[in-house]
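So you can see what is in the structure, the chains are spelled out below.
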Amino acid sequence: MARDSQGALVALNRFGFGARGGAAGDFGNAASDPRGFVKAELSRPNAALLDVPGLTSTPALARAMFEYQGEVKQARIAAKAAEAAKAEVQPGADRSEGHGQPMAPKVANASGMSAMKPDAAKPAMPVNVVQKTYRAEALARLQRATIADCGFVERLVTFWSNHFCISANKGQPARMWAGSFEREAIRPHVLGHFPDMLKAVEQHPAMLFFLDNQQSVGPDSRAGRNRKRGLNENLAREIMELHTLGVGSGYTQDDVTSFARMITGWTYVGRAGRLGEPGTFIFNANAHEPGPQRLLGKTYDNTGLGQGEAALADIARHPATAKFIATKFARHFVADDPPPALVARLQSVFTKTGGDLKAMTLTLVDSNEAWQAPLTKMRSPYEYLIASGRLLARIPEDPGLYLGGLNMLGEPLWTPPGPNGFPDTNAAWAAPEGMKLRLDIAARISSRIAPSIDPRELLEVAVGDAASNETRQAVARAETREQALALLLMSPEFQRR
Amino acid sequence: MEIMDCCESRTTAGISRRQMLLGGATFAAWAYLPKFARAAGGRDPRVIMVILRGALDGLATVAPVGDPDYAALHGAIALTRGGPHPAIELDSFFALHPSMPVFARMYRDKQAAVVHAVATPYRDRSHFDGQDVLESGFAGPGRVQSGWLNRALGALPKGERVTSALAVGPTAPLVLRGPAPTVGWAPAVLPQAADDTAMRLLELYDHRDRALHEALAQGLKLEKSASGEGMKPKGGNAVAAMRFAAKGAAKLMAADDGPRIGALAFDGWDTHANEGGPVGRLAFLLSGLDGAFEEFQNGLGPRWRDTVVIVATEFGRTAHINGTSGTDHGTGTIALLAGGAVKGGRVIADWPGLKTANLYQARDLAPTTDLRAVIKGVLRDQLGLSEQVLAKTVFPDSGAVKPMAGLVV
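Calculation criteria
Residues numbered from 1 in each chain as written. Chains lettered and ligands numbered in written order. Predicted model: local features only at pLDDT ≥ 70, side-chain atom pairs only at ≥ 80, totals over all residues. Axes fitted to C-alpha atoms, helices over the stretch in contact; angles between N-to-C directions. Helix = DSSP H or I, 4+ residues; strand = E, 2+ residues; numbered from the N terminus. Parallel < 35°, antiparallel > 145°, perpendicular 65-115°, else oblique. Left-handed = near helix turned anticlockwise from the far one by under 90°. Contact = placed C-beta atoms within 7 Å. Nonpolar A, V, L, I, M, F, W, Y, C, P; charged D, E, K, R; others polar. Pairing = 2+ DSSP bridges. pLDDT = per-residue confidence, 0-100. Buried ≥ 20, exposed ≤ 12 C-beta atoms within 10 Å, placed from the backbone. Core = buried A, V, L, I, M, F, W, Y, C linked by C-beta atoms within 7 Å. Domains from an automatic or database assignment.

All names here are of chain A. As a packed pair, helix α5 (residues 129-147) and helix α7 (residues 172-186) sit with axes 7 Å apart at the nearest point and diverge in direction by 25°. Between α5 and α7, the crossing angle belongs to the class labelled roughly parallel. In terms of crossing hand, the pair formed by α5 and α7 is left-handed. Packed against α5, whose contacting residues are V130, T133, Y134, E137, A138 and R141, the element α7 presents Q172, R175, M176, A178 and G179 at the interface. Taken together, the residues of the contact of α5 with α7 break down into 5 nonpolar, 3 polar and 3 charged.

Below you can see the structure in the form of structure tokens.
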């Protein structure tokens, strides 16, 4: 096959996370068979799973979090007791050593937590296992994206993870489970079936916590009558509006309320473990609203857990869902206003195959539109940082640089501003302040890396003969290697996909 | 990476309640002075639009304590005239949330007003569509190319370019997005790219990518004009973020050559669960908003006299609290006006009542005032925009919604 430079850019940048530096030869490989380069990852078994030593399941994380919360509480009590004792024994006296740590908790002296220096006056706080977990999960994800061949599967993961987003800022459980949620509910299904992903997501403790369903109680359920708690329709609404049917697709407020009633009792086991193992999904029949419910014109008998599951399965198959998903998928990969014929084909495949996401993904890769549409979309901040790391062949060892950069650029990891996730259009990412910050970050990266590389070679690695003359000249004529690398990272060829 | 770590710690796990309350705060402004700003002897009006994203519970902020049905509907989180945290009486019927003493003082000084039972023309309950309508100024969602404030700027006589401006956060709120150039600023916590690198990149974009050229050129200008000192967030929570953004905005807008018209967006008002009454989650957020009012007044100094601050949200929340001591998405809510140019000291409301039959769809405070009428009234009387422009360009197809008279002194 002839070398297809433009095809290589589409394969690497539109579908993947960009060419890797070092000896990978990605651009050449992609240029000789662009479609094959993209598809190669899809046929690997379990391509999307992330099994990394040290990462563990949601229930195990729940246990660790509950323990940590207990230790924090103990430490606070100890600190208070110490204060009180000191005040009693030595009113107004100087701090004395070795005094007032009657119940200091065990402190694991973890590496990397150097700020945790115990001080004589204050009993030490335990290592923050929540933040530690968040960083470890982030690091595993960053590393996987950096070393992947094309990165297409990881791009699919980020797409679906943003579609079914939670926010780590909701509270400790959300931060603790942000990574395990993605590993358990998203990754197993990105090349599987949409209804399965949907069910896994909506029954995952992280989502139940994020959208408040663990608090929602059927008003006429046993728990509702006893505790005077009631319905919270947050999850039900966002499932319909953001996860499946899309807003304006014809459902009503009554449908939302009705669906909210059907999924009452969908919760997770809390710290006390009364209903099972803490941190696992559980259907709490005591909180489930009794009686049949009508949704989108159909009546669902009360079969307990099955009632909401049946409704969810029907919503997943609804034509509005196929349209919503197909449009969003094409918008992410191809263009802000995706070609209608392409959207129609994706929608049709999604419908015919019962939401087979691998089939839909292959339809996208096999389409002509995806290869012919001009490369006009901006890389998201995450794509930009990952692509930079890949080009510079730096496997992340500490997630801090990336997490900080993502915060700066307005895309903090697993922390979107709302349940609709981060925006996916150029207007959001090509804004003035954002561009200035991208440049500052490019300069920052360059100042650390540039002395060891040849920017002209790197431009070949990144975009091969698809580089414009202007970009070549800007890189070649730069005053310093540092400046050349910053210009390369900011070039239209590197920023757009 | 000490610098990166400092940014990262903004979202570091601490106390979980605080995390839930972490909110965004953004600000952007028109890049030009209106021509009349520097006219000799003329008034030099300022307008600040504050968007509260997430849907503010109007009934919990300005409570109709005189309505016989209010207490039962809002249940455990209802405000009361008495008790340990009494609401602040505004008149014989309405009382203000106790965490807003600054707004209460402004109200007493006749520099603040409340419009109640107000809503945009949007009647469904999606945040994102509701925000589209609130900020775009169109009657329905999905029109996100430009915001009403930006189109209003397009209709103003354009004077010289502002030389200072600020925006917190990397994107301008929709209300100010559009063809009229805006400026914004994000705090410089990274070492910056050298000017020469930026110039070379601009030249490359000039040849290869006009859109990126325009964006970067603007971004560089903003960075230059925003002063560094005193403008970095002290980090932490939504309250600090709101104060910080308001302080920065006021400082720049007070300057002679600073912007006159700006917009801020504060996130985090979606109180589905454990909303709290006189104390709690909403109270915390409202204290941040109150702090923002204080920063506006202090920062604008003598300019406060000619200022109108408008605060609005995409829709209200259910009149009845839900099963988790919060409120779900609703319809009617409040808008707040503050500033020396506001004819204040009143709650403007065509009160619909809270009996079930009077509620919108038997669940929400029924809207009796169109928010566009309020905004039109301010834009007409504060900035001198004609009714025709307001009805056609700023709020398309809104001829039937007349500007509310008498909001501005």
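With that out of the way, let us pick up the sheet that holds strand β5 (residues 88-89) of chain B. Residues and elements named next belong to chain B. With antiparallel pairing, 3 strands are arranged side by side in an open sheet as β4-β6-β5. The sheet is open, and its two edges are formed by β4 (62-63) and β5, each paired on a single side. Both β4 and strand β6 (residues 95-96) contribute to a ladder of 2 bridges, which runs antiparallel. Across the sheet, the residue bridging to V62 is L96, located in β6.

This part is about the confidence of the model for chain A. Per-residue confidence for chain A gives a mean pLDDT of 90, with 92% of residues at or over 70. Overall, residues 92-120 of chain A carries pLDDT values under 50, and its contacts beyond four positions in sequence, including any with other chains, amount to 37 contacts.

For the rest of this paragraph, the subject is the packing of helix α12 (residues 371-383) of chain B against helix α13 (residues 387-394) of chain B. All names here are of chain B. α13 packs onto α12 with a crossing angle of 130° between their chain directions and a minimal axis gap of 10 Å. Relative to α13, the element α12 is oriented oblique. The chirality of how α12 crosses α13 is right-handed. Side by side, α12 and α13 meet where K376, L379 and R380 of the first sit next to E387, L390 and V394 of the second. Of the residues that constitute the contact of α12 with α13, the class distribution is 3 nonpolar, no polar and 3 charged.

Another aspect to go through is unusual backbone geometry. Even without being glycine, W414 of chain A reaches a positive phi, approximately 55°. Mapped onto the fold, W414 of chain A is located in the loop between α19 (400-408) and α20 (426-429). Looking at W414 of chain A, the number of C-beta atoms within 10 Å reads 26, which means it is buried. Notably, A117 of chain B is not glycine yet its phi reads approximately 55°, a positive angle. Here A117 of chain B shows up in strand β7 (residues 112-119).

Moving on, we get to the environment of G248 of chain A. The residue G248 of chain A is located in the loop between α11 (234-243) and α12 (253-262) in this model. The spatial distance from the C-alpha of G248 of chain A to the C-alpha of A320 of chain A is 9.7 Å, given a sequence separation of 72 residues.

Moving on: the nonpolar core. Residues L346, L487 and L488 of chain A are the most contacted members of the largest nonpolar core, which totals 149 residues. Residue-level mapping places this core at the junction of two domains, with at least three residues from each of domain 1 (5-49 + 376-495) and domain 2 (58-130) of chain A. Excluding its chain neighbours within four sequence positions, the residues that come into contact with L488 of chain A are P455, L458, L459, A462, V475 and F494 of chain A. Residues V62, M106, A241 and L365 of chain B belong to the second largest nonpolar core, which totals 118 residues.

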